[in-house]
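# Analysis of the macromolecular model
Spelled out, the chains give:
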Amino acid sequence: MTNNVQNELPENYEELKKAANRTSSWRVRFDAVEELGQHKHSKVIDVLTTRMTKDPVFKIQEAAYRQLKAFGEDVTPPKQTKFDIIKGTSKILLRIKKSLPADHTFEEFKEKFKKMRLDVYDAYEGEKGSDFDKWLETEWASLLKK
């Protein structure tokens, strides 16, 4: 990471702004936040502030906070949520489970979740990291009892 922050908009600002708001990929959002952090400009600060306060993935909130702090902005560190990072996740998962045959496998459930709600899938994958499969399998197993 370089410290040569520029006080102008990057040439690809519009593209980076779209990437920073792309709900289907936390990795794309993260990379956009990192790249935007190299350009101190009011429009960039607006995008980073939105990611810091509204992104469902804590890792992205932290990256945006770090960039804003480096710009000298007076920002409060984000707090990691202990509950659903996306409201209504349990209902979404239950709907997916009910749309599958009674004898479906975890892999079938995971695949359908990814196809039906990539935004939610991706947010949890980004938030849970290497624990994502374990978390999703636990959620799936608890749904089987319903």
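Refer to the structure presented above.
As a starting point, this report considers the structure included with it. (Residues numbered from 1 in each chain as written. Predicted model: local features only at pLDDT ≥ 70, side-chain atom pairs only at ≥ 80, totals over all residues. Heavy atoms only, no water.)

### Topic: the packing of helix H2 (residues 26–36) against helix H4 (residues 58–70)
- Two elements in contact, H2 and H4, have axes separated by 9 Å at closest approach and are oriented at 5°. Between H2 and H4, the angle is such that the two are roughly parallel. Listed contacts from H4 to Trp26, Arg29, Phe30, Val33 and Glu34 of H2 are Lys59, Ile60, Ala63, Ala64, Arg66 and Gln67.
- Here the contact of H2 with H4 is built from residues that sort into six nonpolar, one polar and four charged. (Axes fitted to C-alpha atoms, helices over the stretch in contact; angles between N-to-C directions. Helix = DSSP H or I, 4+ residues; strand = E, 2+ residues; numbered from the N terminus. Parallel < 35°, antiparallel > 145°, perpendicular 65-115°, else oblique. Contact = heavy atoms within 4.5 Å. Nonpolar A, V, L, I, M, F, W, Y, C, P; charged D, E, K, R; others polar.)

### Focus on the pattern of salt bridges
- Overall, the coordinates contain seven salt bridges when judged by the stated rule.
- For Asp55, the salt bridge identified is with Arg51, shortest N-O distance 2.7 Å. Taken individually, Asp55 and Arg51 each receive the classification buried, so the pair is uniform in this respect.
- With a shortest N-O distance of 3.1 Å, Asp119 and Arg117 are connected by a salt bridge.
- What makes Arg117 partly exposed here is its relative accessible area of 28%.
- A cluster of three or more residues bridged by salt bridges with shared partners is formed by Arg29, Arg51, Asp55 and Asp122. (Salt bridge = Lys/Arg side-chain N within 4 Å of Asp/Glu carboxyl O. Buried < 20%, exposed > 50% of the residue type's maximum accessible area, 1.4 Å probe, protein only.)

### Focus: the packing of helix H5 (residues 89–98) against helix H6 (residues 106–116)
- Where H5 contacts H6, the axes come no closer than 10 Å and their chain directions differ by 120°. Our classification of the angle between H5 and H6 gives oblique. Between H5 and H6 the crossing geometry is right-handed. Seen from H5, the contacting residues are Leu93, Ile96 and Lys97; seen from H6, they are Phe109, Lys112, Phe113 and Met116.
- Residue classes in the contact of H5 with H6 are distributed as five nonpolar, no polar and two charged. (Left-handed = near helix turned anticlockwise from the far one by under 90°.)

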